[in-house]
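These are the residues of each chain, in order.
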There are 4 protein chains.
Amino acid sequence: MKASVLVSMQKIELREVEIPRLAADEVLVRISAVGVCGSDTHFYAEGHIGDMVVRESLILGHEAAGCIVDAGREVPRERIGQRVSIEPQRPCRTCVYCKRGQYNLCIDMRFYAAPPVDGAFAEYASIPADFAHPVPDTMSDEASALIEPLSVAIATCRKARITAGSRVLVAGAGPIGLLVSRVARIFGATEVIVSDPSEYRRRFALNGWATAANDPITEPSAVTSPLVDAFVDASGAPTAINQGVHAVRPGGKVVLVGMGAEEVELPVSLIQNREIELTGVFRYTDTWPLAIELAASGSVALDQLVTHRFGLDDVEAALKHAGRNPEAVKSVVIP
Amino acid sequence: MKASVLVSMQKIELREVEIPRLAADEVLVRISAVGVCGSDTHFYAEGHIGDMVVRESLILGHEAAGCIVDAGREVPRERIGQRVSIEPQRPCRTCVYCKRGQYNLCIDMRFYAAPPVDGAFAEYASIPADFAHPVPDTMSDEASALIEPLSVAIATCRKARITAGSRVLVAGAGPIGLLVSRVARIFGATEVIVSDPSEYRRRFALNGWATAANDPITEPSAVTSPLVDAFVDASGAPTAINQGVHAVRPGGKVVLVGMGAEEVELPVSLIQNREIELTGVFRYTDTWPLAIELAASGSVALDQLVTHRFGLDDVEAALKHAGRNPEAVKSVVIP
Amino acid sequence: MKASVLVSMQKIELREVEIPRLAADEVLVRISAVGVCGSDTHFYAEGHIGDMVVRESLILGHEAAGCIVDAGREVPRERIGQRVSIEPQRPCRTCVYCKRGQYNLCIDMRFYAAPPVDGAFAEYASIPADFAHPVPDTMSDEASALIEPLSVAIATCRKARITAGSRVLVAGAGPIGLLVSRVARIFGATEVIVSDPSEYRRRFALNGWATAANDPITEPSAVTSPLVDAFVDASGAPTAINQGVHAVRPGGKVVLVGMGAEEVELPVSLIQNREIELTGVFRYTDTWPLAIELAASGSVALDQLVTHRFGLDDVEAALKHAGRNPEAVKSVVIP
Amino acid sequence: MKASVLVSMQKIELREVEIPRLAADEVLVRISAVGVCGSDTHFYAEGHIGDMVVRESLILGHEAAGCIVDAGREVPRERIGQRVSIEPQRPCRTCVYCKRGQYNLCIDMRFYAAPPVDGAFAEYASIPADFAHPVPDTMSDEASALIEPLSVAIATCRKARITAGSRVLVAGAGPIGLLVSRVARIFGATEVIVSDPSEYRRRFALNGWATAANDPITEPSAVTSPLVDAFVDASGAPTAINQGVHAVRPGGKVVLVGMGAEEVELPVSLIQNREIELTGVFRYTDTWPLAIELAASGSVALDQLVTHRFGLDDVEAALKHAGRNPEAVKSVVIP
């Protein structure tokens, strides 16, 4: 099959590689659409994320959808032909985290496009059958791929304990910030303020995603007052994080989902005096069924997020583009 | 009455002041013992804690016990004569935090020895009747006063979600660190490792408070491995906090109770990848009855903590001493 | 002032009584609208609810709104003139339940229209200032009164842990069942099935309250399959409760809010094998601000519920009517 | 191998059967001890528990320990020779309950001695490797087997939300009631009252298991007053359940773990007015490591529970004996 392979830092090649062999519990998916994520861009540009280092050639891409074309020995044959959204993880299912319902924290996880596990910028990819989630015919291939970032948003809103009446501040109006904003409203939030320095993104956000949008540079006080029940950082920017923590009411929540610096200066005295609870989101557990339901019912307009499309032979351009273009929201690769 | 008054930064005077007037729901307590706390030392030495600034003369001291000698109009007369431990706060009882059971976060709190509210380094102090908790005759005056730091420890263990089988790391073997260690075991923790650079304090900790003690300077790896369910910082030291966060397992808890710098560099990437939950403890809500029960039954040996005693005319010496003496665990003022 | 007084079982008289005297923290409200509740009907018809017995004359009515016309000594004068919705309870604020944020469970509660505390079928009523919640000018008097049953619905959805994607079964399409259905959707429920034998009520429910409606008599299997995340009983009928529990998935919730028999035969073996969690709702804590926000924004169409209106001299007719008329949803008394 | 087989209702035969074949992820355990449980007795005497019916011959016994003597293809060979306690369940690991950390509620569970899955009254039994939990050499075979009922007790105390200071009522001083009592104290309960009509069992309970023991027949008021934070029914007796619910404070918990009638009359009005939360325990999730730690450290004296022992050729006597002898606490089969 054809695959777009990261052969070394900042070097992508379209190569002919072997189709993945199926384990007994796996299915083979012919990929129809793959979203480009910041972590793909990061691996491409830097060759590593934290201590995950790309040492050998690697297929990137983990926001993927397609159609099941083959099935392992233990999988019912009826599944062949199903259109599916891929939950791109293979937890061990036996460690204590898997058994406690925190399989995202599995100590032996194999995750798409996290070295040395290949991802989905390719014609085909394999996944355990129960992580290939059927989607309805009415859902587009691109929306099916974007169930992955929608899942991140759901995991974030759960951790942020958003419920009816919540007031939420979201830093960053990229795809994750927009999805968190929209999902927060579905969880019952009555006010969702997104903060982003880009006017283009603030306007985008006001088109059905957030209830208000502020510029953190020119209106910093609008960002931090009045205090909110939850602050979600989807920017990864240290100043946004610090500013956001100051906006949280006593007993409120901070959830970090954006990726950025290893260490950030945090106002611990404020965190103590207000008993603020701060945590982060790492991938997701048990989000696909809800994400598919929300997208299928039209509650989340995933298709609206797609601003650019690329072919499998053009992944390098997609990765460069996603990192640079301020007016790109979501780029999708169509193999 | 006589009171020990902080008249300006680093200046304490024994003065004759008026006995507090009682509101209808208050009682007057003749003070029998008052613990000296780090925050008292801090106000004395620096004149402020964060944005709480001592602007007029102030009576310090908030770990207090005594005997009820008078009662306001709405309080049953039978309460006169009771020996009590004082919960040194007057929440407004009407704001949203009070109504939600988080009265420690009350937006209109009046707390002992937090400017401009006087504390208990005096012959008498007033408190709402329901915050004057009866103690059994078998409990010493000093133990009755130390119900306050024990309450901090209980609030901490609740936030740290300690339960049967928990493994806990505690940084700092001062009074709060020791009490957190002991209370953690009562909550069911099977391993409680305290970390402190003072050998004296480590030895003290091993005498019934913690199950293990490490020196963070000479054995840093013993502090951070293996990973624990909860890390409690009772030191306020930025390096201890950072080191402690690294010791927490995926999905584990960090609770900050020690006071120190306003801002601390924290490993946010680690917090995200492990979905660690970090929060702080600010005073306490609904802890006195349990604290009294634990002390009365002998589960927590409060009297053991008292290493030094001072008279009301010697509060300045007590405050200086507490800040300097490495072998002082808890100093108590006996009016 | 004029008041509608229950003088003995099934006997209501319009009497001239004294205007309530204000405690220092109370306000006096000129009543503009009062909803008629099943508990009012019950006290009128039976003279008691469980062990709460009407022994002396009593003013019924606890779903009330009006305008502040006087204020006690400690209340800011600016509050006079405010239109308010009354949270009809006076907790003691000092017991352990009040301090834990469960003031609905206060051991010394004084609640409107629960003997011997008078309610609001009168020209005026008094209430502590912080339980008189301001409403916007755009909200009708009737909607302001119905914030009370909306609060019951909010308390119910919180206990039922309803969140994005929840599937909910509600037995009974009276005012509480309708409000629970609507609020469940605001909490993110994607499917809310109401079950009621009355065709009129099922049709009412489908007009913006629930997503589906079933007849438990003719379509029992539609009520119990497929399994739901939460079952709310708002009917009080033993067969509905038993049937509803069978409809709950493993690990799901049952919340009883309807009033009926003292004892009900429950499938404990099923509750065990599925680890179903069953509880009840008793009034509410901290619901008014959210209820007012949801009604003011139009998310809950409270005015739609009002099907009948009565004068203060016609309360007996209102009570009789509410108990009998299958096409009455909500009756309101306008003093 | 030899196995004790239930061939029809009330008929057990010692037969020669095939040693279980190992799946790739399983181990073969030579059984050293198996506890006799009420459910074994029930299957023997009645031929079914609820809708689980014994249709073909079945090996009973699910409280088992032994030594690993063989291992499937995917299991490290080093495991052969380990002494283990068996967690007698094989969840599917792919359904939504497994993924949420509630694998006890797995929709495709295969559980020892639940028809048609064979149990451990045999010389050998197979189990997935991660459900064969290593035990220390200091732990006896019998204690290793009784990790199973200890796990039930841990699951119960978790559901009952027992923590420091809890007051708990336990109905029934059989093995489960005793273990729940002891574990409650380890979770921090300061008072654990066991209620049992048998004087022998009450005396047994006071020997290190509960803090108090009452006779529900002669001292019913001692059972229901003062109110407790949690009531655990380990008796299955409808009157004990009803009486116990009346003993629970507002906001408290009821956990049903005893097996008995399908349906029980419950005081729903009381459950509502006190907002009591009632649920049941069905097996366990993630309890073995803690149970082994508590038993190994001596916190729970499992060996004390064993009052009678039987050979593999004497299982029928063991089953009859367990059901009848009031002075039997725990019988163990030694193959």
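Below is a summary of the structure that appears in this document.

1. What to know about the overall build of chain A
When its secondary structure is counted, chain A shows eleven helices and 21 strands. Computed over its C-alpha atoms, the radius of gyration of chain A comes to 20 Å, within 12% of the 20 Å expected for a compact globule of 335 residues. Along the three orthogonal principal directions, the C-alpha set of chain A runs to about 55 × 40 × 35 Å. Sorting the 335 residues of chain A into buried and exposed places 61% on the buried side. In chain A, 68% of the contacts between residues at least 6 apart in sequence involve partners at least 24 apart.

2. Notes on the packing of helix 4 (residues 147–159) of chain C against helix 5 (residues 175–186) of chain C
If you want to describe how two helices pack, look at the angle between their axes and the distance between the axes. Residue and element names in this part refer to chain C. Between helix 4 and helix 5, the least distance of the axes is 8 Å, while the angle of their chain directions is 55°. The angle between helix 4 and helix 5 falls in the class oblique. Of the two possible hands of crossing, helix 4 and helix 5 adopt the one that is right-handed. Touching Pro149, Leu150, Val152, Ala153, Ile154, Thr156 and Cys157 of helix 4 are Ile176, Leu179, Val180, Val183 and Ala184, all from helix 5. Split into classes, the residues belonging to the contact of helix 4 with helix 5 amount to eleven nonpolar, one polar and no charged.

3. Observations regarding the relation of the copies chain B and chain A
Once turned by 180° and shifted 0.0 Å along the axis, chain B lies on chain A with an RMSD of 0.0 Å. Expressed as an axis order, the relation between the two copies is that of a two-fold axis. When each C-alpha of chain B is compared by its distance to the rotation axis, Glu265 of chain B comes out closest, at 2.0 Å. Both copies contact each other with a shared surface, as 100% of the interface residues of chain B are interface residues in chain A too.

4. Here we look at the side chain of Ser195 of chain A
Structurally, Ser195 of chain A is set in strand 14 (residues 191–195). What Ser195 of chain A contacts, discounting residues up to four positions off in sequence, is Leu169, Val170, Ala171, Gly172, Ala173, Asn214, Pro216 and Val223 of chain A.

5. Details of the nonpolar core
Residues and elements named next belong to chain B. The biggest cluster of nonpolar side chains holds 104 residues, and the ones touching the most others in it are Leu150 and Leu302. Considering every element that reaches this core, the biggest residue donor is helix 4 (residues 147–159), with seven residues. For Leu150, the residues in contact, after removing those within four places along its chain, are Leu179, Val183, Ala291, Ala295, Val300 and Leu302.

6. Details of the relation of the copies chain D and chain B
For these two chains of identical sequence, chain D goes onto chain B by a turn of 180° and a shift of 0.0 Å along the axis, with RMSD 0.0 Å. Residue by residue, 90% of the interface of chain D is reproduced at the interface of chain B, so both copies engage with the same surface.

7. What to know about the interface of chain D and chain B
The interface of chain D with chain B comprises ten residues on the first partner and nine residues on the second. Along the contact surface separating chain D from chain B lie zero salt bridges. At the junction of chain D with chain B, the criterion picks out two residue pairs in polar contact (both at pLDDT 80 or more). Per-element accounting of the side of chain D that touches chain B gives the leading share, three residues, to helix 10 (residues 288–296) of chain D. Classifying every residue of the side of chain D that touches chain B gives five nonpolar, four polar and one charged.

8. Some details on a negative patch on the surface
Among the surface-exposed residues, Asp51, Glu262, Glu263 and Glu265 of chain C together with Glu265 of chain D lie close enough to one another that they form a single negatively charged patch. Position of Glu263 of chain C among the secondary structure elements: in the loop between strand 17 (248–256) and strand 18 (264–266). Look at Glu263 of chain C and you get partly exposed, because its relative accessible area is 30%.

Conventions adopted
Residues numbered from 1 in each chain as written. Chains lettered and ligands numbered in written order. Predicted model: local features only at pLDDT ≥ 70, side-chain atom pairs only at ≥ 80, totals over all residues. Heavy atoms only, no water. Helix = DSSP H or I, 4+ residues; strand = E, 2+ residues; numbered from the N terminus. Rg over C-alpha atoms; globule rule 2.2 N^0.38 Å. Buried < 20%, exposed > 50% of the residue type's maximum accessible area, 1.4 Å probe, protein only. Contact = heavy atoms within 4.5 Å. Axes fitted to C-alpha atoms, helices over the stretch in contact; angles between N-to-C directions. Parallel < 35°, antiparallel > 145°, perpendicular 65-115°, else oblique. Left-handed = near helix turned anticlockwise from the far one by under 90°. Nonpolar A, V, L, I, M, F, W, Y, C, P; charged D, E, K, R; others polar. Least-squares fit on C-alpha atoms with pLDDT ≥ 70 in both. Core = buried A, V, L, I, M, F, W, Y, C linked by side-chain atoms within 4.5 Å. Salt bridge = Lys/Arg side-chain N within 4 Å of Asp/Glu carboxyl O. Polar contact = N/O pair within 3.5 Å; in protein donor to acceptor, adjacent residues only side chain to side chain. Patch = residues over 30% accessible without salt bridge, like charges linked within 9 Å, V, L, I, M, F, W, Y side chains within 5 Å. Areas by Shrake-Rupley, 256 points an atom, 1.4 Å probe, with all protein chains shown as cover. Lys, Arg positive; Asp, Glu negative; His and termini not counted. Charge placed at Lys NZ, Arg CZ, Asp CG, Glu CD.

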